[in-house]
Amino acid sequence: MTGFVTHPVTVRVPATSANLGAGFDSLGLALSLHDEVTAQVTFEDTEVIIEGQGADTLPTDESHLVVTSLHHACRALGAPTPRVKLHCRNGIPQARGLGSSSAAIVAGVSLAAGLLASDGDGNTVDDAVLLRIAAELEGHPDNVAPCLLGGFTIAWTDPDGARAVRLPVADDVSPVIYLPSGRGLTTHARAALPGRVPHVDAAFNISRAALTVHALTSDPSLLLAATADRIHQRYRADVMPSTIELVEVLRQDGVPAVVSGAGPSVLAFDQVIRPVDGFEAIRLSVADGVTRL
């Protein structure tokens, strides 16, 4: 890498839903809500303009997560940290379990790669490197993987860092998000989890996570069984009671439903949209990963 381009670079990043029931910290799905972020290197102070979700609450200086992620990626790639003018057009709801933080991280990492001029051979940063950098920032790869790669992903971490694969999704998979007005924090949701779970529950989740791969890629009729979980959702009932209640009601009606990420949104796989008090239902589709515009 030999320097920064002078023109603006724009990326489009999708929302994501992680865990998908049994696949805690490993399975994720990219969804058709997006943030669009433009960055340009400047010699003036860093400036952040925000439209849409988070416009009234997110920072507008160098502490903005896109900027800090961009800087981290530059350092990881052996480049200096530039001042930038950043324009965020946010469509992903904040703190709802739809990967808004992961989207910001992937946007920053991808912008860093786009702003850095390619080397003399025309090489650019590949997705495997960007995934490792993004997962370092996020702490776990289940959201950043589908945000970066798109579709349905299985992510894991080995001694060299995060890795992931993208698998095709069956045509009749129909995601619906039930979005509450209240916000949630991943730190609070994770704090509710026990340090250990019973062996029988771990074995249950292993079988259901494996089944989720088959159900999402080949046979969605198995999604109700596949998305059952015993190791994280029920422990979060006190943190998000209305979310867990909705998951249980939908599942009792035969609808595959799970807590979306750390909540409080609910992800259902359903051909119909059901009116639910306190939640806005949104029909989505499976999305591609980050794209350069």
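As a starting point, this report considers the structure included with it. Within each chain, residue numbers correspond to sequence positions counted from 1 in written order. For this predicted model, a pLDDT threshold of at least 70 governs which residues receive local features, and a threshold of 80 or more governs which side-chain atom pairs are given and counted, while totals over whole chains, interfaces and linings are taken from all residues. Heavy atoms from the whole structure form the basis of all side-chain values; hydrogens and water molecules are not counted.

### Side note on the pairing of strand β4 (residues 84-90)
Then comes step 1: Residue alternation in β4 divides its side chains into a buried set, V84, L86, C88 and N90, and an unburied set, K85, H87 and R89.
Then comes step 2: Only strands that DSSP links by at least two bridges are regarded as paired with each other. Put simply, DSSP H or I for four residues or longer makes a helix, DSSP E for two residues or longer makes a strand, and each gets a number counted from the N terminus. Direction of pairing for strand β2 (residues 27-41) relative to β4: antiparallel, over a ladder of seven bridges. Paired with A39 across the bridge in β4 is L86.
Then comes step 3: Pairing of strand β3 (residues 47-52) with β4, which is carried by six bridges, proceeds in the parallel orientation. The partner of I49 across the bridge, within β4, is H87.
Then comes step 4: A crossover gets the label right-handed when its path from the first strand over the helix to the second runs clockwise, viewed with the strands pointing away from the viewer. In this fold, the crossover linking β3 to β4 by way of helix α1 (residues 65-76) has left-handed handedness. Type-normalised accessible area, obtained with a 1.4 Å probe on protein chains alone, sets the label of each residue: buried when under 20%, exposed when over 50%, and partly exposed for intermediate values.

### Notes on the pattern of salt bridges
Then comes step 1: Whenever a carboxyl oxygen of Asp or Glu lies within 4 Å of a side-chain nitrogen of Lys or Arg, that contact is scored as a salt bridge. In the structure shown here, the tally under the stated rule is seven salt bridges.
Then comes step 2: Put simply, R163 and D158 hold a salt bridge, and the shortest N to O gap is 3.8 Å.
Then comes step 3: A relative accessible area of 43% means that R163 is categorised as partly exposed.
Then comes step 4: Residue class for D158 comes out partly exposed when judged on its relative accessible area of 21%.

### A short note on the nonpolar core
Then comes step 1: Formed by 64 residues in total, the largest nonpolar core has its most connected members in V37, L70, L86, L98, V106 and L111.
Then comes step 2: A per-element tally of this core places helix α2 (residues 100-115) first, with ten residues.
Then comes step 3: When neighbours within four sequence positions are excluded, L86 is seen to be in contact with V37, T38, A39, E47, V48, I49, H64, V66, V67 and L111.
Then comes step 4: Residues belong to one nonpolar core when they are buried, are Ala, Val, Leu, Ile, Met, Phe, Trp, Tyr or Cys, and are joined through side-chain atoms within 4.5 Å. Judged by nonpolar contacts, the second largest core, of 13 residues, contains I244, L250, V255 and V266. Contact between two residues is taken to exist if any of their heavy atoms lie within 4.5 Å; hydrogens are not considered.

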